[in-house]
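This is what each chain is made of:
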Amino acid sequence: MTMARSPDPRPAGRLGGLAAPTLVRHLGAAVLAGVVLLIGSNTIGDYRDYQLANVAVYVVAVAGLTLLIGLSGQISIGNGAFMAVGGYLAALLLADLKWPLIAILLAATAGAAVVGAIFGVAAARLRGPYLAGATLMLAVALPSVATRFQSVLGGDQGLGFFIGVPGFLGPNVSPYRWLAWVTCGAALVTMVLLANLIRSRTGRSWRAVRDDEIAAALAGLNVARLQILAFVVSAACAGLGGTLLAMWNQSVSPGLFSLTLSIQLLTAAVLGGLGSLTGAVLGSAIVVLPYTYLQNQAISLGMTTATGSNVPILAYGAVLIVVMLAFPAGIQGLLAWMVRASRVRQAVRWLTGPLARRASPGPSVHSAASGHPDQRSAPAAEPQEKGTT
Amino acid sequence: MVEFLEFTLSGLAAGMVYAAIALALVLIWRGTRVLNYSQGAMAMLTSYIALTVINETGSYWLGFAVALAAGLILGAVVERTVIRPVTGKPPLNAVIVSIGLLILLEGLAGVLYGSNNRSFPFAYSVNGLSIGSVALGITRNDLFTAVAVLGAAGLLAAAFRYTSAGLRLRATAFNAGVARLLGVRVGRMLTLGWALAGLIGALAGMLVTPPLLNPNSMDAIFVLGFTAAVIGGLESPVGAVAGGLLLGVVLNYASGYLGSESVNLFGLAALLLVLMFRPTGLFSAAPARRV
């Protein structure tokens, strides 16, 4: 018994020393982003709120996908299927049971996670192209459940999903602003949870499995369980995203969760940079925002609406290929590369160089080069300035 | 019983097309370790080119030949321009590039030809054949499809087996490094593999596109062809054909006895069932992992 009790203070101390600042940092960033979004959503118009909500919907789903592919190393082309599970579950809960919004969001997330777990058990045995094939077929097949069980799921017409602005907010809040608040709030919660998960023991284990499965297994990690868990997390995010997409679209139908949606999620994750949550935000914005603009440009050049709607698709394809050939690490990787290799760092070195040489040359340069990406230049520069003044 | 025979034969006819797509995917996979997600889109584009030729000249067979030639060229061009830079990189890069190509080609076809359906001619009559008073559930066109696919597969197998280029292709697929040391121009072989796959894909496109063609008309066919390739095991051309025929028959029973809306669900079920017991397909060798 005494043996069991003695290690207790250490985890507590570690929590106070390392884990807490990570949590505090993530929460702080989320609160800051929340304030900016709150102020922002009040100043931009209805249409921009609507677009903002659309981006936030994608952020939720893409964040889960980028974690699955980038961290655990499993590819899924079919995350749109899990979005469909969440969206349809939410529509059924709203129509039949009249649950409140927050309960619907949680239940749809949990429901998609369960489906993700079932599929994950099958998927954990599959590798590379076989996994890609299975998820691709999932994305194509699952929406046809809606046509098979037409009486419950509404067939091609789908189901309505209307959630109005709650009464206590009064008439000043437009439905679009409310939509933006709900979606952005959900996106922020998702980001904080995932950011902590990535920095946790589980996140490190995923990276170990991704880099070398056999080495990870020899080190005592349960590879299959970790891979299933990654599928569960990714499916849960997709389920939440699907519910929000249903709310944004005010209905669910098989057409809403097409293969194109799954491919758009993959595009956003790759463009942003796989495994990066910041990248998920950037990638989602790039996939969602220029769509209408490109279409309008094409139409203004004399194309018909039907033809013009193909221009954004063409552009996405071209961008996907170019990004993969030129910057395989995505936008996040490009930014990191610029910070690492370009003038930003040279400038920092040029500024701190003379000071560093005067104080202690060796370790300061080393720490600036090998430090954590988030705190690359600042910590190295500060003590030196204090030392010389 | 007659119904069962009918479903089996028409299932085999449908399976021929899945087999052709699967064969194209396997050709590419064996050579370059890339899964070509744009195989369906490439076939869609060559079918549009064929339709243009058919409408201009009035000759179906000229359009057919042009489609095959276009598939050959498109395959080679794609390999040289966008696939070569990602071979040898992490597998995901090639996946993304070929998905990008899929979107690019579909967008391109939409911009060039519009998104609406165009009617596309059959090669032969689609009136049901029968022996005496027993309907067989297949048509003259289905017979042509079977002959074309099996003929192409047979020619391909013979070329791999009996020609010098076929030997070099097999050597490249078996071990590119050793093949290069033995004087095989590996780069050219990879391009040739993609060109042949483009040709087979274009053939599948010509066979399956009628009666209607639109930029997305090959999507569903591609997914089923892909499923067939995975079921067969991506290493094996024989497996690709067998997987295609198996899938065609199973799906035809499902749609015949249970309704056409359950086809994709049964495709998923068949795929998962096979992969649960054989995670690398039916016809592949036991998987070996490098430690």
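All values reported here derive from a predicted model rather than from experimental measurement. (Residues numbered from 1 in each chain as written. Chains lettered and ligands numbered in written order. Predicted model: local features only at pLDDT ≥ 70, side-chain atom pairs only at ≥ 80, totals over all residues.)

Caption draft 1: A look at the overall build of chain B. Across its full length, chain B holds 11 helices and 4 strands. The C-alpha radius of gyration of chain B comes to 19 Å, within 12% of the 19 Å expected for a compact globule of 291 residues. Considering only C-alpha atoms, chain B reaches an extent of 60 × 50 × 35 Å along its principal axes. Sequence separation of at least 24 residues holds for 71% of the intrachain contacts in chain B that already meet a minimum separation of 6. (Helix = DSSP H or I, 4+ residues; strand = E, 2+ residues; numbered from the N terminus. Rg over C-alpha atoms; globule rule 2.2 N^0.38 Å. Contact = placed C-beta atoms within 7 Å.)

Caption draft 2: Highlighting helix α6 (residues 128-141) of chain A. Between the first and last C-alpha of α6 of chain A there are 20 Å, a value that for 14 residues agrees with the 20 Å anticipated at 1.5 Å per step. Where burial is concerned, most of α6 of chain A is hidden: 13 out of the 14 residues are buried. (Expected span 1.5 Å × (residues − 1). Buried ≥ 20, exposed ≤ 12 C-beta atoms within 10 Å, placed from the backbone.)

Caption draft 3: Representation of the nonpolar core in the model. Ranked by internal contacts, the top residues of the largest apolar core, which has 217 residues, are Val60 of chain A together with Ala19, Ala20, Leu23 and Ile200 of chain B. The element contributing the most residues to this core is helix α1 (residues 2-32) of chain B, with 17 residues. Apart from the residues within four sequence positions on either side, Leu23 of chain B is in contact with Ala153, Ile200, Pro237, Ala240 and Val241 of chain B. (Core = buried A, V, L, I, M, F, W, Y, C linked by C-beta atoms within 7 Å.)

Caption draft 4: Quick look at the confidence of the model for chain B. Averaged over all residues, the pLDDT of chain B equals 87, while 98% of them reach at least 70. Interface scoring of the predicted complex returns ipTM 0.86; its pTM is 0.80. (pLDDT = per-residue confidence, 0-100.)

Caption draft 5: Fine view of the interface of chain A and chain B. Chain A puts 38 residues into the contact, and the matching count from chain B is 44 residues. For the side of chain A that touches chain B, the elements supplying multiple residues, two or more each, are α6, α7 (144-148), α13 (259-272), α16 (305-308) and α17 (310-326) of chain A. Of the residues in the side of chain A that touches chain B, the class split is 29 nonpolar, 7 polar and 2 charged. (Nonpolar A, V, L, I, M, F, W, Y, C, P; charged D, E, K, R; others polar.)

Caption draft 6: View of helix α6 (residues 164-174) of chain B. All names here are of chain B. Residues of α6 that are buried: Leu169, Thr172 and Ala173. For α6, the buried positions fall inside an angular range of 95° around the axis, keeping them on one side. Exposed residues lying more than 90 degrees from the buried face of α6 are Ser164 and Phe174. (Arc of directions from axis to C-beta.)

Caption draft 7: Representation of unusual backbone geometry in the model. Omega for the peptide link from Pro210 of chain B to Pro211 of chain B comes to 10°, which places this bond in the cis form. With respect to the helices, strands and loops of the structure, Pro211 of chain B is situated in the loop between α8 (186-208) and β4 (212-213). For Lys98 of chain A, which is not glycine, the phi dihedral falls at a positive 55°. Note that Lys98 of chain A resides in the loop between α4 (79-97) and α5 (101-123). Here Lys98 of chain A falls in the exposed class, since 8 other C-beta atoms lie within 10 Å of it.

Caption draft 8: Structural detail: the confidence of the model for chain A. All names here are of chain A. With 82% of its residues at a pLDDT of at least 70, chain A reaches an overall mean of 79. Taking the mean pLDDT of every element in chain A, the minimum, 37, falls on helix α21 (residues 378-388) and the maximum, 93, on helix α12 (residues 223-249). Scored below 50 in pLDDT, residues 359-389 shows 26 contacts in the model against residues more than four places distant or in partner chains.

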